[in-house]
Amino acid sequence: MKSVTRSLRILEAVAQHQPVTVGELTKLFGLPKSTVQRTLVTLDEAGWLRASRKDTTRWEIGARVLAVRPAALQGSSLFAAAREPMIRLRDAVNETIHLSVPDALHGMVVVDRVDCDHAVRTFHAIGDTSPLHATAAGHAVLAHLPKSEVDEFAAGTLEGYGDETITDPVELRSELRRVKDRGYSVNLNQYLQGVCAIAAPVLDGDGLPVAAVAVSMPDSRFEAGRLAELGQLVTDTAAEITARHLR
């Protein structure tokens, strides 16, 4: 129980002081550096913590913490910034809207959802995870990451989930360039068969992605002729969330 209590205390300390170094936590708790380091690694492996993208010697809260309980997001600036624009986007297209955040390079985590009123609709529970390379939200995030991080990700295994999944690193980089130029990404059965989505990134003050907003629908309702219209609506919504989040 002592180790569990210690892990929770360290998790809370990271949430309060993030991004924080091992040395800073060691001083805060008066524990051996090796003990703090082991605890951080364990929490990282479980998805609760992660190394900061800007400084890998510092630790910050992982995306899974946001997915444990939606109410935990109520006070966050991202949740507050995104909720109303997501509702307006849902009302405009009458399809399900998802807000997802990246869990470093491990994947995307759904943190909020606004449902449409169709009897047949797509559904991802809060906390669901999905791969970066096979989803619209993942592509929207990858397209705005630094080249070094994209290279690191592309060097790993790109698992195939169907015939439409991009599993070739060269093809993935080419698609990410198109996404960045166009402003939005498109997923046509790349991850879940019968599911299509269009997504755009929510950016921080440095232009790095902190989330992606996506409109998701069964492929039976996807109309290629409306892609530009839907893409613009999603892009405008993401831009509004970005502006509200940066206020």
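Described below are features of the structure shown in this document. All figures in this text were calculated on a predicted structure; none of them were measured in a lab. (Residues numbered from 1 in each chain as written. Predicted model: local features only at pLDDT ≥ 70, side-chain atom pairs only at ≥ 80, totals over all residues. Heavy atoms only, no water.)

## What about the pairing of strand S7 (residues 185–188)?
Put simply, the rule reads: In this description, strands pair whenever DSSP reports at least two bridges between them. Numbering of helices and strands starts at the N terminus; helices are DSSP runs of H or I of at least 4 residues and strands are runs of E of at least 2.
As defined by bridge partners, S7 adjoins strand S8 (residues 195–203) across four bridges and the pair is classed as antiparallel. Paired with Asn187 across the two strands is Ala197, which belongs to S8. Here S7 hands over to S8 after six residues, with Asn189 in that stretch at a positive phi of 60°.

## Things to note about the pairing of strand S9 (residues 209–218)
Threshold: For every residue, the accessible area obtained with a 1.4 Å probe (protein chains only) is divided by the maximum for its type, and the residue is called buried under 20%, exposed over 50%, and partly exposed between those limits.
With nine of its ten residues buried, S9 lies for the most part within the structure. Two strands pair when backbone bridges link them, and S8 and S9 are joined in this way by nine bridges, in the antiparallel orientation. From the neighbouring strand, Ile198 faces S9, where its bridge partner is Val215. Connecting S8 to the antiparallel partner S9 that follows it, the hairpin turn spans five residues, and Gly207 within it adopts a positive phi of roughly 80°.

## Overview of the side chain of Thr26
Looking at the element boundaries, Thr26 is found in helix H2 (residues 22–29). Given the relative accessible area of 17%, Thr26 is considered buried.

## With respect to the packing of aromatic side chains
Quick note on the threshold: Geometry of aromatic contacts follows a simple scheme: Phe, Tyr and Trp rings, the Trp one being its six-membered ring, pair when their centres are within 6.5 Å, and the pair is stacked under 30 degrees between planes, edge-to-face over 60, tilted otherwise. Comment: the charge-over-ring label is applied if NZ (Lys) or CZ (Arg) is within 6 Å of the ring centre and within 35 degrees of the ring normal.
In total, this model carries one aromatic pair according to the counting rule given. Measuring from centroid to centroid gives 5.0 Å for Tyr161 and Tyr191, while their planes differ by 85°, and the two rings are edge-to-face. Of the two residues, Tyr161 is situated in the loop between helix H7 (147–154) and helix H8 (169–182) and Tyr191 in the loop between S7 and S8; the sequence distance between them amounts to 30 residues. Lying over the aromatic face of Tyr184, Arg182 brings its terminal NZ or CZ to 4.7 Å of the ring centre.

## Side note on the pattern of salt bridges
So the rule is basically this: When a carboxyl oxygen of Asp or Glu lies within 4 Å of a side-chain nitrogen of Lys or Arg, that pair is called a salt bridge.
Tallied over the entire structure, the rule returns 14 salt bridges. Between Glu24 and Arg58 there is a salt bridge, with its nearest N and O atoms 3.3 Å apart. Placement of Glu24 in helix H2 and of Arg58 in strand S3 (residues 58–61) is noted, with a sequence separation of 34 residues between them. Judged by relative accessible area, which is 24%, Arg58 ranks as partly exposed.

## Looking at the sheet that holds strand S2 (residues 49–51)
With antiparallel pairing, three strands are arranged side by side in an open sheet as S1-S3-S2. Across the chains shown, the open sheet's two edge strands, defined by having one partner strand only, are strand S1 (20–21) and S2. When S2 meets S3, the two strands line up antiparallel, connected through three bridges. Bridge assignment links Leu49 to a residue of S3, and that residue is Ile61.

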